[in-house]
Amino acid sequence: MVDQRPFGHTGVRISSLTLGAMNFGQRGNPDHEDGIRIIHRALDGGINAIDTADVYSHGESEEIVGKALAGGRRDEVFLATKFHGQVGDNPQHRGNSRRWIVRAVENSLRRLGTDWIDLYQAHRPDPDTDFDETLGALTDLVRQGKIRYIGTSTFEPSAIVEGQWLAQRRGRERVVSEQPPYSILAREIEREVLPVAQRYGLAVIPWSPLAGGWLSGRYHSGLDAPISRRADRLPARFDPTQPANAAKLAAVDKLAALADEAGLSLIHLAIAFVLEHPAVTSAIIGPRTLAHLESQLGAAKVTLSRDLLDRIDAIVPPGTTLNPADAGYQPPSLADPARRRGGAPTPHLAGVAR
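Residues numbered from 1 in each chain as written. Predicted model: local features only at pLDDT ≥ 70, side-chain atom pairs only at ≥ 80, totals over all residues. Heavy atoms only, no water.

### A word on the overall build of the chain
Part 1 of the reasoning: The secondary structure content of the chain amounts to twelve helices and ten strands.
Part 2 of the reasoning: C-alpha extents for the chain along the principal axes are approximately 55 × 55 × 40 Å.
Part 3 of the reasoning: Out of the 354 residues belonging to the chain, those deemed buried represent 57%.
Part 4 of the reasoning: Counted over contacts in the chain with a minimum sequence separation of 6, partners at least 24 positions apart contribute 78%. (Helix = DSSP H or I, 4+ residues; strand = E, 2+ residues; numbered from the N terminus. Buried < 20%, exposed > 50% of the residue type's maximum accessible area, 1.4 Å probe, protein only. Contact = heavy atoms within 4.5 Å.)

This is the structure:
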């Protein structure tokens, strides 16, 4: 069974593995019944936390999760979803504004078939919206009983601190969790995000502990890259001819050899590494098939020795992200040259890469 850990200072405890539902629906596995079977197996295996988002397969992921929890399983699950990315063709159906949040939450509640969401998260920052407006809307939803807690995903350390300041100074509900990308190949958050989360008592539920599949055991030097839907969507992130990806592939070869020496699968090594950090509450796994889930469940029982962790550090140093694109978010101050060169900046349309 999967152990449970405190969810920040909320008094809630969740499993050290969270079932990510990004791959349920047309984006990954379109078979609803298969998705339901995977969810039920995860719950039976000790996972009590599920994470989805309104943009995953245009709401279809939430619908599958809702079907799986119907019939009495909702109460046993800590259910998280997210808002921010554009849903549908209407450009107004996106962002972190009060106008969109109050509509988005009703849509998610309907698709999930529930009266409340345990953790409602801003999927990415929205530089065009005052963070206080976002927190004000989310505070109202907490007081209305539609959501229990507020979280963020892939926020920068300064924004995490700002959220705590706003809660204290303006009487908003406090952000209690952050969901960043974190893996052996993407360790940037060790510099500031994780220490800041520890300082403020935030839960941390990292996404992509397998680095988008790079640490699944399917990638090896000298072999053609495996076919995957994610690689089809984001080819530059998986092109081994690009220097940053070549560096990742070289690291993967060394990590695979290290896992073999330790008698572990690379999958277990990768997930256990994320869970070893004292700031981490629960690692999000995102299986597309039942076999994927089975290959990942056992990682929660793995403990890595200090010597093994030191050897991992020697392959990918602490705080290092080998491909900057794996950071999950690039602030407009870097992405938009107009913001550095004077004149009116280009309107920011933030995307969700996962």
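### Side note on the pairing of strand S7 (residues 147–153)
Part 1 of the reasoning: The element S7 is largely enclosed, with a buried count of five among its seven residues.
Part 2 of the reasoning: In the sheet, strand S6 (residues 117–122) pairs with S7 via five bridges, with the strands oriented parallel. Paired with Ile117 across the strands is Ile147, a residue of S7.
Part 3 of the reasoning: With respect to chirality, the unit in which S6 leads through helix H4 (residues 131–143) into the neighbouring parallel S7 is right-handed.
Part 4 of the reasoning: By the bridge criterion, four bridges tie S7 to strand S8 (residues 175–179) in an arrangement that is parallel. Note that in S8 the partner of Thr152 across the bridge is Glu178.
Part 5 of the reasoning: With helix H5 (residues 157–170) bridging S7 and the parallel S8, this β-α-β connection has right-handed handedness. (Pairing = 2+ DSSP bridges. Right-handed = clockwise from strand over helix to strand, strands pointing away.)

### With respect to helix H8 (residues 243–262)
Part 1 of the reasoning: Taking 1.5 Å per residue as the helical rise, H8 with its 20 residues ought to reach 28 Å, and the 29 Å between its terminal C-alpha atoms agrees with that figure.
Part 2 of the reasoning: Among the residues of H8, Asn245, Lys248, Leu249, Ala251, Val252, Leu255, Ala256, Leu258 and Ala259 are the ones counted as buried.
Part 3 of the reasoning: On its buried side, H8 packs onto helix H9 (266–276) and helix H11 (306–315).
Part 4 of the reasoning: Looking one or two residues past H8, Gly263 carries a phi angle of roughly 75°, positive in sign. (Expected span 1.5 Å × (residues − 1).)

### Side note on the nonpolar core
Part 1 of the reasoning: Tyr120, Leu215 and Leu304 are the most contacted members of the largest nonpolar core, which totals 93 residues.
Part 2 of the reasoning: Counting residues per element, this core draws most heavily on H9, which supplies nine residues.
Part 3 of the reasoning: Core analysis: the next-biggest nonpolar cluster, separate from the first, contains nine residues, Phe7, Ile14, Ala80 and Ile205 among them. (Core = buried A, V, L, I, M, F, W, Y, C linked by side-chain atoms within 4.5 Å.)

### A closer look at H4
Part 1 of the reasoning: Here H4 spans 18 Å end to end across 13 residues, near enough to the 18 Å set by a 1.5 Å rise per residue.
Part 2 of the reasoning: The element H4 is extensively covered by neighbouring structure, given that ten of its 13 residues are classed as buried.
Part 3 of the reasoning: Those residues of H4 lying buried are Phe131, Asp132, Thr134, Leu135, Gly136, Ala137, Leu138, Thr139, Leu141 and Val142.
Part 4 of the reasoning: Summarising the contacts, the buried residues of H4 are in contact with strand S5 (78–83), helix H3 (98–112), S6, S7, H5 and S8.
Part 5 of the reasoning: Capping the start of H4, Asp130 holds a side-chain oxygen 2.9 Å from the backbone nitrogen of Asp132, two or three residues further along. (Polar contact = N/O pair within 3.5 Å; in protein donor to acceptor, adjacent residues only side chain to side chain.)

### A word on the side chain of Thr114
Part 1 of the reasoning: In this structure, Thr114 sits in the loop between H3 and S6.
Part 2 of the reasoning: Residue classification places Thr114 among the buried residues on the basis of a relative accessible area of 8%.
Part 3 of the reasoning: Side chain to side chain, Thr114 and Arg74 meet in a polar contact 2.9 Å long.
Part 4 of the reasoning: A polar atom in the side chain of Thr114 sits 3.0 Å from the backbone oxygen of Trp116.
Part 5 of the reasoning: Beyond its immediate stretch of four places on either side in the chain, Thr114 contacts Arg74, Leu79 and Leu109.

### Let's talk about the pattern of salt bridges
Part 1 of the reasoning: Within this structure, the stated rule accounts for 18 salt bridges.
Part 2 of the reasoning: Between Arg111 and Glu62 there is a salt bridge; the shortest N-O distance is 2.7 Å. A residue pair is termed long-range when its members are at least 10 positions apart, and Arg111 in helix H3 and Glu62 in helix H2 (residues 60–69) qualify at 49 residues. Pair check on accessibility: Arg111 and Glu62 agree, each one buried.
Part 3 of the reasoning: Note that Asp326 is salt-bridged to Lys248, the shortest N-O span being 2.8 Å. (Salt bridge = Lys/Arg side-chain N within 4 Å of Asp/Glu carboxyl O.)

### Concerning the environment of Glu33
Part 1 of the reasoning: Among the structural elements, Glu33 can be located in helix H1 (residues 32–44).
Part 2 of the reasoning: As a C-alpha pair, Glu33 and Ile64 span 31 residues in sequence and 8.3 Å in three-dimensional space.

### Points about the environment of Ala104
Part 1 of the reasoning: Tracing the sequence through the fold places Ala104 in helix H3.
Part 2 of the reasoning: Its relative accessible area of 1% is what places Ala104 among the buried residues.
Part 3 of the reasoning: Discounting chain neighbours no more than four positions away, the residues touching Ala104 are Asp54, Phe83 and Tyr120.

### Some details on unusual backbone geometry
Part 1 of the reasoning: Even without a glycine there, the phi angle at Ser57 is positive, about 50°.
Part 2 of the reasoning: Mapped onto the elements, Ser57 comes out in the loop between strand S4 (49–51) and H2.
Part 3 of the reasoning: Residue classification places Ser57 among the buried residues on the basis of a relative accessible area of 10%.
Part 4 of the reasoning: A positive phi angle is found at His84, which is not glycine, with a value near 140°.
Part 5 of the reasoning: Along the chain, His84 falls in the loop between S5 and H3.

None of this, on its own, says anything about what the molecule does.
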